[in-house]
Amino acid sequence: MERKRLYRLLLPVVIILATLYTLGIMGVLPFAISYYITIFMIFLFIFLRWEARMRRN
């Protein structure tokens, strides 16, 4: 998949997850949701960094 297209698909997902994360921190949603979103975001960051490094080589 083209990089630009991938980022366009990920943007709404990340915005929704950030909103859910904020609601979890505020106490509107269970905190466990924020916990799992944090883990997902860390894996997403690592994957995107790895993918960027692979493209450079």
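Our structure's up above, just so we're on the same page.
Before going into details, it helps to say that this report is about the structure given with it. (Residues numbered from 1 in each chain as written. Predicted model: local features only at pLDDT ≥ 70, side-chain atom pairs only at ≥ 80, totals over all residues. Heavy atoms only, no water.)

## What to know about the overall build of the chain
Quick note on the threshold: Under the scheme used here, helices are H or I runs from DSSP no shorter than 4 residues and strands are E runs no shorter than 2 residues, and both carry numbers assigned from the N terminus. Our radius of gyration is a C-alpha quantity, and the globule rule it is checked against amounts to 2.2 Å times the number of residues to the power 0.38. Per-residue accessibility takes into account occlusion by the displayed protein chains alone, with areas from the Shrake-Rupley method and a 1.4 Å probe.
The helix and strand inventory of the chain stands at two helices and zero strands. Whereas a compact globule of 57 residues would reach a radius of gyration of roughly 10 Å, the chain reaches 14 Å, over 25% beyond that. Along the first, second and third principal axes, the C-alpha atoms of the chain reach 45 × 20 × 10 Å. Element-wise, carbon and sulfur atoms account for 71% of the exposed surface of the chain, whose accessible area totals about 4900 Å².

## Quick look at the packing of aromatic side chains
Rule in force here: Think of it this way: a Phe, Tyr or Trp ring, Trp meaning its six-membered ring, pairs with another when their centres are within 6.5 Å, and the plane angle makes it stacked under 30 degrees, edge-to-face over 60, tilted otherwise. Exposure is judged per residue with a 1.4 Å probe applied to protein chains only, and the accessible area is read against the type maximum: over 50% gives exposed, under 20% gives buried, and values in between give partly exposed.
Enumeration over the complete set of coordinates arrives at two aromatic pairs. Between Y35 and Y36 the ring centres are 5.3 Å apart and the planes differ by 70°, which places this aromatic pair in the edge-to-face class. Taking relative accessible area as the criterion, Y36 reaches 56% and is therefore assigned exposed. With a centroid separation of 6.3 Å and an interplanar angle of 45°, the aromatic rings of F47 and W50 are classed as tilted. Residue F47 and its partner W50 are both found in helix α2 (residues 31-56); the two are separated by three residues, about one turn of the helix. Taking the relative accessible area as the measure of exposure, F47 reaches 41% and is therefore partly exposed.

## Points about α2
An α-helical turn contains 3.6 residues, so any two residues separated by three or four positions project in the same direction. In plain terms, the rule: Helices are assigned an expected span. That span is 1.5 Å times one less than the residue count. It only takes one pair of heavy atoms within 4.5 Å for two residues to be counted as in contact.
When the terminal C-alpha atoms of α2 are compared, their 38 Å separation across 26 residues agrees well with the 38 Å that a helix rising 1.5 Å per residue should span. Restricting attention to buried positions, one finds in α2 the residues S34, I37, L44, L48, E51 and A52. Each element contacted by the buried residues of α2 is listed here: α1 (3-26).

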